[in-house]
Number of protein chains: 2
Amino acid sequence: MKEERSAPSGGVNSLNNLRQSIGRLDEELLKIFAERRKLSLAVAANKLTTNKKVRDQAQEKNLLTNLTAKGQHLGIDPSVTLSLFHNIIEDSVRSQYDYILENTSSDSLEPLTLAVLGEPDSYSHIAAQQHFATKKRRFESEYCPSFLSIFKAIESGRVDLGIVPIENTTAGNITEVYDLLLEYKLNIVGEEKLKVKHCLVATQGATIDDIKDVYSHPQAIAQCKSFFNEHPNINSHFRSSTSSALKLVAEYQNPSIAAIASEQAAENSGLEVLSYGINNYQENYTRFLLVAKKTIEVPSTIPAKTTLTLQTPQKPGALLDCLQVFKSHSINMTKLESRPIPTKPWQELFYIDFEGNASDLIIEKALVELKQIASEVTLLGSYPMHDILATKLDHHALSNQFNRL
Amino acid sequence: MKEERSAPSGGVNSLNNLRQSIGRLDEELLKIFAERRKLSLAVAANKLTTNKKVRDQAQEKNLLTNLTAKGQHLGIDPSVTLSLFHNIIEDSVRSQYDYILENTSSDSLEPLTLAVLGEPDSYSHIAAQQHFATKKRRFESEYCPSFLSIFKAIESGRVDLGIVPIENTTAGNITEVYDLLLEYKLNIVGEEKLKVKHCLVATQGATIDDIKDVYSHPQAIAQCKSFFNEHPNINSHFRSSTSSALKLVAEYQNPSIAAIASEQAAENSGLEVLSYGINNYQENYTRFLLVAKKTIEVPSTIPAKTTLTLQTPQKPGALLDCLQVFKSHSINMTKLESRPIPTKPWQELFYIDFEGNASDLIIEKALVELKQIASEVTLLGSYPMHDILATKLDHHALSNQFNRL
């Protein structure tokens, strides 16, 4: 069967012919994409020898300006071209980071043991899968019933590292994890961000009208608050993890009991998904930290983030003086959280995330200054930054493309 | 100059050669993508004649399963292939929706006049640009100083439609717009979702230490609450729009005054951006509504959303009875908001968003039932749904790809 690749646009083509043509184009796209990824790793290898930064914003800007212009000649709006190539560049940058991390660490490629909350397909497990998906190094999960047991497993050396949620865009900080970070003084060695979509799951054949009791982790329940507002006759109950809630529903086989859990867990449980995405906001993200006993070396070619805790002397303006240090060195703070210190009533501890590597000269200098002002500074680790920010084109340059009126 | 397309992966290639090869691949990608878009519009034309739904989840699932398998043979992780093609499919679906809307409405292709809050580059203006970017029909902005003046401009017929923010993932609902929707009884004809990144902007040469007063729209200030917590010596002041705040800074040329505004506005203002992304949460989205005097016809081939308001009789369980109607027809509610009725103290009005078109038979039936229970039901409009949900692959099907341990 011989077919033209560029099908005529008239109505003579059957839907199937069109779809076959699209399928062939998709395979071509995938092949070229695979080739591009190989070249991208060759670029990483080159940069590793020359110690150049992975990202070169000027170079990316050139590339994107060129492509949006070429796209317009092909009838593609600049915003569409940008969205496609931001996706491709993000993958390329992440692969280069992973390549460099793998080729600078002296670690073996033996699978890592990773302490994970709950059961297979818990949100922590999905975040771990996402984190390691593009990495050469694999992991084996050790499932733990609580955050505390994760920290204990890491401290005892029974596992190589652990993954714990630290904040959610809807429900805020997971204060228990903040407190454990303080107590166990382990090192943060990485971060991951997961888009979270909660599902309501019950036994086969149950309907939403049957449900009287819903079990889940307190965070999941908080993120689905509006669902409970809409169903005032449904009671919520806390469980230590979404996966243990799911297990409970599977065991009881009672149509009045439901759990809130991830899509992946729901679909793998053999239970029935009564409702998808019952979280208050569809844009619902959880940030996870990877925690280990030993620190990680982030090569200077890769952007890093650092977390520290800070205690200030009991005098007015002490925190401001500390923050001034970050400002004066132009260090970008990405998070500032205060937590009461359990052993020192009315005193606050500050958690600070900022961009930069504790081994950078400028950060080292800032930390020395900070230690002179603060009563205590504890480094919780420098680790590769998760977010790969899209290189922007100048709005001026784009404005004559966008504002066609 | 003759060059091999697939460059060897060794270290002999200079960075420039590698980049040139990548550039050529990118252009090829773009060309194939453009061809794919043409075929996709031919599919839309075909579906328009046969009245078939634009999305065919089974077909998309086949396509994605096939591509992730092919990708794995090329060394690409399924998550990477999915992410790439979700992006491509989303563009394709959106183009097909736009094609069908343009070819079923009897409207001319004259530019629309659109009432927009603030000045050029206000968030509303950026949302409007994003909304029309992929559409054939263009728009001309009429800038209005307040939400009220937007509603008045639409009601008077001076503009074809208006765009107004309705909710933000960090700061919640824009209650003023809810109240105006109620008062003016205009029609919702579309929605748009914008990722919002706030910047701190001051006169050239100012530093963050100089800043004493920051001006912006109350919503922007609410979304940057943690910034003000970190800088207790900086006072916040409300302005009617982020763009009017920017104008104030530009006029006063005082280094102690700053504004919070969009990146686009900041960069086009000639002022200095002191800090990018000062919002509490990086995942910060605002949903906008497009509002007009006349309703829009959403063809049945395209997924629609409907908004209505509801008043319930003053008796216990009245709201539950109403919500029961949605449940019993398996209609997916996406939002439920209550607002006090200004003219009737202690009575609540409910705003409900749900998936479906008011002209669908099942929705019509549900609305008839609803009107029997509620004391008042007002349709605010059916409009094309903004979110294009990614077709998921079965987790079972993927699990042996993902769980390599």
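Residues numbered from 1 in each chain as written. Chains lettered and ligands numbered in written order. Predicted model: local features only at pLDDT ≥ 70, side-chain atom pairs only at ≥ 80, totals over all residues. Heavy atoms only, no water.

## Things to note about the interface of chain A and chain B
- Residue-level contacts link 88 residues of chain A with 88 residues of chain B.
- Taken together, both faces of the contact between chain A and chain B bury some 8,400 Å²; the carbon and sulfur share is 63%.
- For chain A, the biggest contributors to the area lost against chain B are Leu29, Leu30 and Leu39 of chain A; these three give 8% of the whole.
- In this structure, the connection of chain A to chain B is made through eight salt bridges.
- For the side of chain A that touches chain B, the leading source of residues is helix α1 (residues 15-50) of chain A, giving 24 residues. (Contact = heavy atoms within 4.5 Å. Buried area = accessible area lost by both parts, 1.4 Å probe. Salt bridge = Lys/Arg side-chain N within 4 Å of Asp/Glu carboxyl O. Helix = DSSP H or I, 4+ residues; strand = E, 2+ residues; numbered from the N terminus.)

## Here we look at the UniProt feature "domain: Prephenate dehydratase" (unreviewed entry) in chain A
- When the UniProt feature table is mapped onto this chain, "domain: Prephenate dehydratase" (unreviewed entry) is found at residues 113-293 of chain A.
- Helix and strand shares over residues 113-293 of chain A are 33% and 34% respectively, and the end C-alpha atoms of the span are 13 Å apart. (UniProt positions renumbered as here; feature names shortened; annotations may be inferred.)

## Some thoughts on the sheet that holds strand β7 (residues 213-216) of chain B
Residue and element names in this part refer to chain B.
- Ordered in space as β8-β7-β9-β6-β10, the five strands form an open sheet in which the pairing is mixed. In this open sheet, the two strands that pair with only one neighbour each are β8 (235-238) and β10 (272-275). Taken pair by pair, the neighbouring strands of this sheet meet at an average axis angle of 35°, ignoring direction.
- Note: strand β6 (residues 198-202) against β10, three bridges, orientation antiparallel. Of the residues in β10, the one forming a bridge with Leu200 is Ser275.
- Helix α9 (residues 242-252) contacts β6, β7 and β9 (257-262) of the sheet and is inclined by roughly 145° relative to β9. (Pairing = 2+ DSSP bridges. Axes fitted to C-alpha atoms, helices over the stretch in contact; angles between N-to-C directions.)

## What about the relation of the copies chain A and chain B?
- Laying chain A over chain B is done by rotating through 180° and shifting 0.1 Å along the axis; what remains is an RMSD of 0.1 Å. Both copies of the chain, as the preceding transformation shows, are related through a two-fold rotation axis. Within chain A, the C-alpha atom positioned nearest to the axis of rotation is that of Leu29 of chain A, 3.0 Å from it. (Least-squares fit on C-alpha atoms with pLDDT ≥ 70 in both.)

## Structural notes on the domain arrangement of chain A
- For chain A, the assigned domains are domain 1 (16-105 + 393-402), domain 2 (198-278) and domain 3 (304-382).
- Here the C-alpha centre of domain 2 of chain A lies 41 Å away from the C-alpha centre of domain 1 of chain A. (Domains from an automatic or database assignment.)

## Let's talk about helix α6 (residues 175-184) of chain B
- Taken together, the buried positions of α6 of chain B are Val177, Tyr178, Leu180, Leu181, Leu182 and Tyr184 of chain B.
- Phi for Lys185 of chain B, located one or two positions after α6 of chain B, is positive at around 45°. (Buried < 20%, exposed > 50% of the residue type's maximum accessible area, 1.4 Å probe, protein only.)

## Details of the nonpolar core
- If you look at the biggest cluster of nonpolar residues, it comprises 62 residues, and the most contacted ones within it are Leu84, Phe85 and Ile88 of chain A together with Leu84, Phe85 and Ile88 of chain B.
- Those elements giving two or more residues to this core turn out to be α1, α2 (57-73) and α3 (78-104) of chain A together with α1 (15-50), α2 (57-73) and α3 (78-104) of chain B.
- Residue contacts for Ile88 of chain A: discarding those within four places in its chain leaves Phe33 and Arg36 of chain A together with Leu29 and Leu84 of chain B. (Core = buried A, V, L, I, M, F, W, Y, C linked by side-chain atoms within 4.5 Å.)

## Let's talk about the side chain of Ser256 of chain B
- Tracing the sequence through the fold places Ser256 of chain B in the loop between α9 and β9.
- Apart from residues no more than four positions distant in its own chain, Ser256 of chain B is found in contact with Asp210, Ile211, Lys212 and Asp213 of chain B.

## A look at the sheet that holds strand β7 (residues 213-216) of chain A
Residue and element names in this part refer to chain A.
- Reading across the sheet, the five strands line up as β8-β7-β9-β6-β10 and stay open at both edges, with mixed pairing between neighbours. One side of each edge strand has no neighbouring strand; the edge strands of this open sheet are β8 (235-238) and β10 (272-276). Averaged over all pairs of adjacent strands, the angle between strand axes in this sheet comes to 30°, irrespective of strand direction.
- The sheet contact formed by strand β6 (residues 198-202) and β10 spans four bridges and is antiparallel. Its bridge partner being in β10, Ala202 is matched across the sheet by Glu272.
- Against the sheet, helix α9 (residues 242-252) touches β6, β7 and β9 (257-262), its axis set at about 145° to β9.

## Section: helix α12 (residues 361-373) of chain A
Residues and elements named next belong to chain A.
- Relative to the 18 Å expected for 13 residues at 1.5 Å per residue, α12 spans 19 Å between its end C-alpha atoms, a close match to the ideal helical length.
- All of the buried residues in α12 are Ile363, Ala366, Leu367 and Leu370. With its buried residues spanning 105° around the axis, α12 presents them on a single face. Those residues of α12 that are exposed and aimed more than 90 degrees away from the buried face are Leu361, Lys365 and Gln372. (Expected span 1.5 Å × (residues − 1). Arc of directions from axis to C-beta.)

## Observations regarding the pairing of strand β2 (residues 139-144) of chain B
- Sheet analysis places strand β1 (residues 112-117) of chain B next to β2 of chain B, joined by six bridges and oriented parallel. Residue Val116 of chain B lies in a different strand from β2 of chain B, and its bridge partner there is Tyr143 of chain B.

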